[in-house]
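Letter by letter, the chains look like this.
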Amino acid sequence: MSDLDLLTQSLARNVRRWRAERGFTLDTLAARAGVSRGMLIQIEQARTNPSLGTVVKIGDALGVSITTLLDYEQGPRVRIVPADQAVRLWHTDAGSFNRLLAGTEAPGPLELWEWRLMPGESSPSDPHPAGTVELVHVTAGELTLTVDGAGHRVPAGSSASFEADAPHTYGNTGDTPMEMVMAVSVPPVR
């Protein structure tokens, strides 16, 4: 079985599990996530490989991390994620990418990401649930972080934190690759 097949089946099983645990109908989850009921059915039946944006919306609506939705191993208290098992969820032909390095529930989803954006590329994000906070640390190049329409330059060696319940975009307007590590903390679903 390929890694993609394994992830698709894990996503199907975990969306069904968390939807049931939250007591959400398909219609309720679709409305909370802003995803069609038909898409949820395809995901729960492992018949589609949804976009990163769709997985993020579903995770936010369920109050669980992407790691939890894609996790196919229920591991011990200490979980080591080997470098070759980090999940790359987004990439471009030019070489931009992000990788989910690790995640946990603490008490809501907490995720650690690695990002690379090539010159001239950007990645927009819809608002996350109220209370979501993101931390970024730029290790190479310069990040152009736009939050709710306001741009902020974050050079290599610098960090930024922001409330991610507004539209935001990660961009690279420079002429060298930008690399950063990002942590995302989402409050638990109540």
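The rules behind each value
Residues numbered from 1 in each chain as written. Predicted model: local features only at pLDDT ≥ 70, side-chain atom pairs only at ≥ 80, totals over all residues. Heavy atoms only, no water. Buried < 20%, exposed > 50% of the residue type's maximum accessible area, 1.4 Å probe, protein only. Helix = DSSP H or I, 4+ residues; strand = E, 2+ residues; numbered from the N terminus. Core = buried A, V, L, I, M, F, W, Y, C linked by side-chain atoms within 4.5 Å. Contact = heavy atoms within 4.5 Å. Pairing = 2+ DSSP bridges. 1 Å grid on protein atoms, 1.4 Å probe; cavity = no way out; pocket = protein on both sides within 12 Å on 5 of 7 lines; lining within 4 Å. Points joined across faces, edges and corners; volume = space filled by probe spheres on them. Nonpolar A, V, L, I, M, F, W, Y, C, P; charged D, E, K, R; others polar. Axes fitted to C-alpha atoms, helices over the stretch in contact; angles between N-to-C directions. Parallel < 35°, antiparallel > 145°, perpendicular 65-115°, else oblique. Left-handed = near helix turned anticlockwise from the far one by under 90°. Arc of directions from axis to C-beta. Salt bridge = Lys/Arg side-chain N within 4 Å of Asp/Glu carboxyl O.

Student: Is there a simple way to think about helix α4 (residues 52–62) in this case?
Tutor: Residues separated by three or four positions in an α-helix point in the same direction, a consequence of the helix having 3.6 residues per turn. Counting buried residues along α4, eight of its eleven residues qualify, which places the element largely inside the surrounding structure. Among all positions in α4, only Leu52, Thr54, Val55, Ile58, Gly59, Asp60, Ala61 and Leu62 are buried. After α4 finishes, the residue Gly63 shows a positive phi value of roughly 75 degrees.

Student: Can you help me understand the nonpolar core in this one?
Tutor: Counting 43 residues, the largest nonpolar core has Ile58, Leu69, Leu143 and Tyr170 as the members making the most contacts within it. Per-element tally for this core: the top contributor is α4, with five residues. Setting aside its immediate chain neighbours within four residues, Tyr170 contacts Trp115, Leu117, Glu121, Ser122, Ser123, Glu134, Leu143, Thr144, Leu145, Phe162, Met180 and Met182.

Student: I'm lost on the pairing of strand β5 (residues 133–140) in this one. Help?
Tutor: Side-chain positions along a regular strand alternate between the two faces of the sheet. Sheet topology places β5 next to strand β8 (residues 159–163); five bridges connect them, and they run antiparallel. In the sheet register, His137 faces β8, and the bridge partner there is Ser159. Bridge analysis of β5 against strand β10 (residues 178–185) gives seven bridges, and the strand direction is antiparallel. Across the sheet, the residue bridging to Leu135 is Ala183, located in β10.

Student: Looking at this structure, how should I read unusual backbone geometry?
Tutor: For residues that are not glycine, phi is negative in most cases, and the peptide bond is trans in most cases. Although it is not a glycine, Ala46 sits at a positive phi angle of roughly 55 degrees. Of note, Ala46 is situated in the loop between α3 (37–44) and α4. For Asp148, which is not glycine, the phi torsion reads 50 degrees and is therefore positive.

Student: Looking at this model, I keep getting lost on the layout of surface pockets. Mind explaining?
Tutor: A probe as big as a water molecule, rolled over the atoms, marks out the empty space that is left. Taken as a whole, the largest pocket spans an internal volume of roughly 640 Å³. For the largest pocket, the lining is made up of 37 residues, of which Val56, Lys57, Asp60, Ser125 and His128 are closest to its centre. At seven residues, α4 tops the list of elements feeding residues into the lining of the largest pocket. Per-class residue counts for the lining of the largest pocket are 21 nonpolar, ten polar and six charged.

Student: Is there a simple way to explain the sheet that holds strand β7 (residues 150–155) in this structure?
Tutor: Remark on secondary structure: sheet strands pair via backbone hydrogen bonds, oriented parallel or antiparallel. In space, the four strands of this open sheet follow the order β4-β9-β6-β7, with antiparallel pairing throughout. Lying at the two open borders of the sheet, with one neighbouring strand each, are β4 (122–125) and β7. Mean inter-strand twist for the sheet, computed between neighbouring axes without regard to direction, equals 15 degrees.

Student: Can you help me understand the packing of helix α2 (residues 26–33) against α4 in this one?
Tutor: Geometrically, a packed helix pair is captured by the angle between its two axes and the distance between the axes. Put simply, α2 and α4 touch, their axes get as near as 8 Å, and they point 110 degrees apart. Classified by the angle their axes make, α2 and α4 are roughly perpendicular. Considering the relative orientation of α2 and α4, their crossing is right-handed. Residue-level inspection shows Leu29, Arg32 and Ala33 of α2 in contact with α4, the latter providing Lys57, Ile58, Ala61 and Leu62.

Student: How should I be thinking about α3 in this particular structure?
Tutor: Buried residues of α3: Leu40, Ile43 and Glu44, and no others. Down the axis of α3, the smallest arc covering the buried residues is 95 degrees, so these residues share one side. Summarising the contacts, the buried residues of α3 are in contact with α1 (3–22), α2 and α4. One or two steps after α3, the chain reaches Ala46, where phi turns positive at roughly 55 degrees.

Student: What am I meant to see in the pattern of salt bridges here?
Tutor: Pairing between side chains of opposite charge can happen when the charged atoms of each approach one another. On inspection of all chains with the given rule, the structure shows seven salt bridges. Between Arg19 and Glu44 there is a salt bridge; the shortest N-O distance is 2.6 Å. With a gap of 25 residues between them, Arg19 in helix α1 and Glu44 in helix α3 connect regions that are remote in the sequence. Neither residue differs from the other here; Arg19 and Glu44 are each classed as buried. Glu142 is the partner of Arg153 in a salt bridge, and the nearest nitrogen-oxygen pair spans 3.2 Å. Separated by eleven residues along the polypeptide, Arg153 in strand β7 and Glu142 in strand β6 (residues 142–147) bring together distant segments of the chain. According to the relative accessible area criterion, Arg153 is exposed, its value standing at 66%. When its relative accessible area of 23% is taken as the criterion, Glu142 is described as partly exposed. Bridged by salt links that share partners, the residues Arg17, Glu21 and Arg22 form one connected network.

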